[in-house]
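Remarks on the overall topology
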Amino acid sequence: MTSTSHPTSVTDQELYKGITQRDNRAFRFLYEQYQERIAAMVQRNSGNAEDASDIFQEGVLALWTNIQRGRFELKDSARISTYLYALCRNIWISRLRRRKPDVELRDDLLEDDLPDETDAMLETHNRIQTIEARMQDLNEGCRNLLKMFYHQKTALREIAQRLGVTEKSAKNKKYRCMQQLRSLCTAAT
Amino acid sequence: MHAATSQPLYRRNLVFMDPEWIERIEAYIAGDLTEAELQDFARQHQITSVEEDVEWVRDAHTAVAMAGVRKQLNSLQSSSSREAKVRKMTPWSRIMAIAAGFLLLIFFYVVYAQMDGSGTTYQAFAYEDPGIPIQMSQSPNYRLFDALTYYSEGNYEETILQLQELQMDLPENDTLHYFLGASLLYENQPVAARRAFEPVLNTDNPRFAERIQWLYVLTYLRADDPTGVQTALQPILEQEDHAFHERAQALSNALE
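Residues numbered from 1 in each chain as written. Chains lettered and ligands numbered in written order. Predicted model: local features only at pLDDT ≥ 70, side-chain atom pairs only at ≥ 80, totals over all residues.

1. Things to note about the packing of helix α9 (residues 190–197) of chain B against helix α10 (residues 206–222) of chain B
In a pair of packed helices, the angle between the axes and the distance between the axes together describe the arrangement. All names here are of chain B. In contact at an axis separation of 9 Å, α9 and α10 are set at 155 degrees when each is read in the N-to-C sense. As summarised for this structure, α9 and α10 are arranged roughly antiparallel, according to the angle between their axes. For the element pair α9 and α10, the recorded crossing hand is left-handed. Across from Pro 190, Ala 193, Arg 194 and Phe 197 in α9, the residues of α10 making contact are Ile 212, Leu 215, Tyr 216, Thr 219 and Arg 222. Class assignment for the residues of the contact of α9 with α10 results in six nonpolar, one polar and two charged. (Axes fitted to C-alpha atoms, helices over the stretch in contact; angles between N-to-C directions. Helix = DSSP H or I, 4+ residues; strand = E, 2+ residues; numbered from the N terminus. Parallel < 35°, antiparallel > 145°, perpendicular 65-115°, else oblique. Left-handed = near helix turned anticlockwise from the far one by under 90°. Contact = placed C-beta atoms within 7 Å. Nonpolar A, V, L, I, M, F, W, Y, C, P; charged D, E, K, R; others polar.)

Okay, here's the thing in structure tokens:
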């Protein structure tokens, strides 16, 4: 990304790198450039402003998860904005159908010239989203511990210091939290 | 790590995942353990779902990080809202605000109904550029001509897609900025439209300069931002021979 806080034009490569690094400038760019278009699509198809905002955020997260997991690679044939639109569109179709099973979808929502990988990308995102939802059922200590390890990438020594335990004990606690999370996920399916 | 034993580490019912197995998987993901070593450990402990377990641990790492990214996005959105200076009002001031809003609504309805009988302010002042595909000074690319053809057909959504694709190759192209801004405005994306117009607001091409200035005003009108409208109107009001001077004057009067 460029050094300005509100870039007006960035390449897909810069955007991709920014998203990978969770750079706020990249996320802000996505919001500024594409949120209105997605909102227009959702609101043309039975959604309100709140739906539009939710769908856009979920689309950005789906894009991020797939970049993170190596399921999305830049191509000459399709741009990040195309994928983001396709992800948001499919998330909205799925949510709309859950809400109103007999809803009639407009033709523009059913256009099929969007990237083929969208369904697979959404499948990955949905799986990860389910685990994220189950995390809320963990106790706060576990949630914070996992966050420090896997999101903030805090060093084990520092985590142990913050918890007032040995490094070995912090590590064991983390694995037990992961074990609990797995049990919660399995119980939910 | 413990020495490998021949005892199963855990029941294979997918509910239970032993911490030691998770530790091995994480070491494998981090590149500290080879696949052969992981498989060997799994065999010794009668674990048959290696691939699935590895995938789950990867997913769990991503899920934890995603919760953080979600918070990051929420705070980005709420900071945007703060920038918009939305204040929480007390119930009494809310009632007063609703009443004042209602009175203003009646006032504007009466003013505009007198003006031309049409509905909203935007409709009253709308200007739809017919989009004759003229190439401006920096338009050597035939793809731009294609995009402008979509524009002239009124297919603004496709125009936006085409022009956004081209934007990376032609970042300084004034024609592109103009038609992208117009298409975004007609597709009800006024903020993005404004951003597209901004680089060419001071273009020295007179054919486009006046239209850009008026469409720029309309982006604020479309976004229900009267302060922005008034500011954007100023350069037009200052030029009596401006093609949109009369409309600008009428809009300014309506807003006062």
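2. Structural notes on the interface of chain A and chain B
Listed as interface residues are 41 residues of chain A and, on the opposing side, 35 residues of chain B. Breaking the side of chain A that touches chain B down by element, the ones donating at least two residues are α2 (24–44), α3 (49–68), α6 (118–135), α7 (140–151) and α9 (167–188) of chain A. Top contributing element to the side of chain A that touches chain B by residue count: α9 of chain A, with ten residues. Split by residue class, the side of chain A that touches chain B holds 15 nonpolar, 14 polar and twelve charged.

3. Thoughts on the nonpolar core
Membership of the largest hydrophobic core comes to 64 residues, with the highest contact counts inside it found for Ile 38, Leu 63, Leu 84, Leu 87 and Cys 88 of chain A. When residues in this core are grouped by element, the largest group, ten residues, is from helix α3 (residues 50–83) of chain B. Leaving out residues up to four positions away in the same chain, Ile 38 of chain A has contacts with Ala 52, Ile 55, Phe 56, Gly 59, Tyr 85 and Cys 88 of chain A. (Core = buried A, V, L, I, M, F, W, Y, C linked by C-beta atoms within 7 Å. Buried ≥ 20, exposed ≤ 12 C-beta atoms within 10 Å, placed from the backbone.)

4. Looking at unusual backbone geometry
The phi dihedral of Ser 46 of chain A is positive, around 70 degrees, even though this residue is not glycine. Looking at where Ser 46 of chain A falls in the secondary structure, it is placed in the loop between α2 and α3. One non-glycine residue, Gln 46 of chain B, lies in the positive phi region at around 55 degrees. Here Gln 46 of chain B lies in the loop between α2 (35–44) and α3. C-beta crowding within 10 Å serves as the criterion here: with 12 such atoms nearby, Gln 46 of chain B is assigned to the exposed category.

5. Some thoughts on helix α7 (residues 156–167) of chain B
Counted at 1.5 Å a residue, the expected span for α7 of chain B with its twelve residues is 16 Å, and the 16 Å between its end C-alpha atoms agrees. Burial in α7 of chain B covers these residues: Tyr 156, Thr 159, Ile 160, Gln 162, Leu 163 and Gln 164 of chain B. (Expected span 1.5 Å × (residues − 1).)

6. Thoughts on the confidence of the model for chain B
All names here are of chain B. Confidence in the prediction of chain B, expressed as mean pLDDT, is 78, and 75% of residues score 70 or more. Every residue in residues 1–15 scores below 50 in pLDDT, and together they form 21 contacts with partners more than four places removed in sequence or on other chains. Overall, residues 82–90 carries pLDDT values under 50, and its contacts beyond four positions in sequence, including any with other chains, amount to three contacts. Of the two predicted TM-score estimates for the complex, the pTM is 0.59 and the ipTM is 0.88. (pLDDT = per-residue confidence, 0-100.)

7. Quick word on the environment of Phe 197 of chain B
Residues and elements named next belong to chain B. Its place among the elements puts Phe 197 in helix α9. A tally of 25 C-beta atoms within 10 Å means that Phe 197 is categorised as buried. With 20 residues separating them in the primary sequence, Phe 197 and His 177 have C-alpha atoms 5.9 Å apart.

8. Here we look at the confidence of the model for chain A
Across chain A, the average pLDDT comes to 85, with 90% of residues at or above 70. Looking at the elements of chain A, mean pLDDT is at its lowest for helix α5 (residues 107–110) of chain A, recorded as 70, and at its highest for α3 of chain A, recorded as 94.

9. Remarks on the packing of α2 of chain A against helix α4 (residues 80–99) of chain A
Residues and elements named next belong to chain A. In the contact formed by α2 and α4, the axes pass within 11 Å of each other and the chain directions differ by 35 degrees. Crossing geometry of α2 relative to α4 is assigned as right-handed. Between α2 and α4, the contacting residues are Leu 30, Tyr 34, Arg 37, Ile 38, Met 41 and Val 42 on the first element and Ser 81, Leu 84, Tyr 85, Cys 88, Arg 89 and Trp 92 on the second. Split by residue class, the contact of α2 with α4 holds nine nonpolar, one polar and two charged.

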